[in-house]
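Below, each chain spelled out in residue letters.
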Amino acid sequence: MENCTTEGSIEPGGARFGNFINYYQFNPAEERICHLPQDLFSDLFPSGGHLYALDVGCNAGNLTVALHRRYSTDQVKLTILGADIDQLLIKRAQESLKNNNACGQNINSDTIDSCDTVNTDKNIKNERLSKSNENTEKLTINPVSDIKDLSKNGDIEFVHADIMSDEGINKVKDFLESHGVQKFDMIFLFSVSMWIHLHHGDEGLEKLLEICSKLSRYTLLEPQPWKCYQTATRRMRRNGLPEFPHWTQIKLRGAELYPATIELARKYKMEVVKHFGETKWNRQLVLLKSNQE
Ligand SMILES: C[S@@+](CC[C@H](N)C(=O)[O-])C[C@H]1O[C@@H](n2cnc3c(N)ncnc32)[C@H](O)[C@@H]1O
């Protein structure tokens, strides 16, 4: 699959940051959130009001929009910032909002496996489809008739930002400042921790949790299991691409990965307040509360 950051070149087996260009074709956003309770926000914030969320690694924005549609109600006005390291995906997300679409792409009958990968032939096929879409500047988007103009009223914003960089963090802080708030109420980490771990090592995973603990009251974490790391690494090798920079040094691995991640969260004063069990992707879904001032 194409690494979206290298616009214009087909790079089978790429997407080294999990920046799959057609992710939501295989992984419909609405299905992803059906494991979450409808009262997620109203339970945590019974007095409602205006709440702010950050969606780290928002890809083309489909899940961000689905979360907003589900959780922004009469009682809770939710404003979400979606941030992604991939500029092209952010551009797509912004354009979809501008065009009043739900960022959706046509869903076909292919399936993605639980490790964010589809078989290479399908990857290449879809990558080519995407590329031809890009060339003709057409996006296949499902119009959703009842969607509000989210971009105009500021309910959702998308920003190109690497959450692990100072520059990325500053963009996120600028958003908070522009809204006159100090912290997010929720940070979503859906299927992004593995990519950060592979690129920044154990220290990077720790830094991510520290960032969440400092910047948000709650963090909803959907970490990839170890077998996904192995799949991602194999995919790189199979396609003759360089190994992930921290692959060999990663110590938080195997069966230890999940408990060690929770332990790291505790180090940064986060406690597990809810465990939603495993999603149909065999991924844990856990809600962490930050006790950091
Ligand atoms: C597998 S996708 C998951 C997308 C979305 N969170 C979901 O679960 O539907 C991982 C996303 O994380 C993004 N990503 C990886 N590293 C990142 C970083 N350091 N900062 C921001 N986004 C990042 C990738 O570009 C990619 O879009």
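Heads up: the structure comes first, above all this text.
Attention in this report is confined to the structure presented alongside it. (Residues numbered from 1 in each chain as written. Predicted model: local features only at pLDDT ≥ 70, side-chain atom pairs only at ≥ 80, totals over all residues.)

**As for unusual backbone geometry**
Phi at Asn 59 takes a positive value of approximately 55°, unusual for a residue other than glycine. Of the residues examined, Asn 59 has 29 C-beta atoms within 10 Å and is grouped as buried. Positive phi, close to 50°, is recorded for Ser 191, a residue that is not glycine. Within the secondary structure layout, Ser 191 lies in the loop between strand 4 (184-190) and helix 8 (193-215). (Buried ≥ 20, exposed ≤ 12 C-beta atoms within 10 Å, placed from the backbone. Helix = DSSP H or I, 4+ residues; strand = E, 2+ residues; numbered from the N terminus.)

**Regarding the site of the ligand**
Around the ligand lies a shell of 23 residues, among which Gly 18, Asn 19, Gly 57, Asn 59 and Phe 190 are the nearest. Broken down by secondary-structure element, the contributors of at least two residues to the shell around the ligand are strand 2 (76-84) and helix 8. Split into classes, the residues belonging to the shell around the ligand amount to 14 nonpolar, five polar and four charged. (Near = placed C-beta within 6 Å. Nonpolar A, V, L, I, M, F, W, Y, C, P; charged D, E, K, R; others polar.)

**A short note on the pairing of strand 2**
Taken across its nine residues, strand 2 has seven buried, putting it largely inside the fold. Two strands pair when backbone bridges link them, and strand 1 (residues 49-56) and strand 2 are joined in this way by eight bridges, in the parallel orientation. From the neighbouring strand, Asp 55 faces strand 2, where its bridge partner is Gly 82. Taken together, strand 1, helix 4 (residues 62-71) and strand 2 constitute a β-α-β crossover, and its handedness is right-handed. Pairing geometry for strand 2 and strand 3 (residues 156-160), over five bridges, is parallel. (Pairing = 2+ DSSP bridges. Right-handed = clockwise from strand over helix to strand, strands pointing away.)

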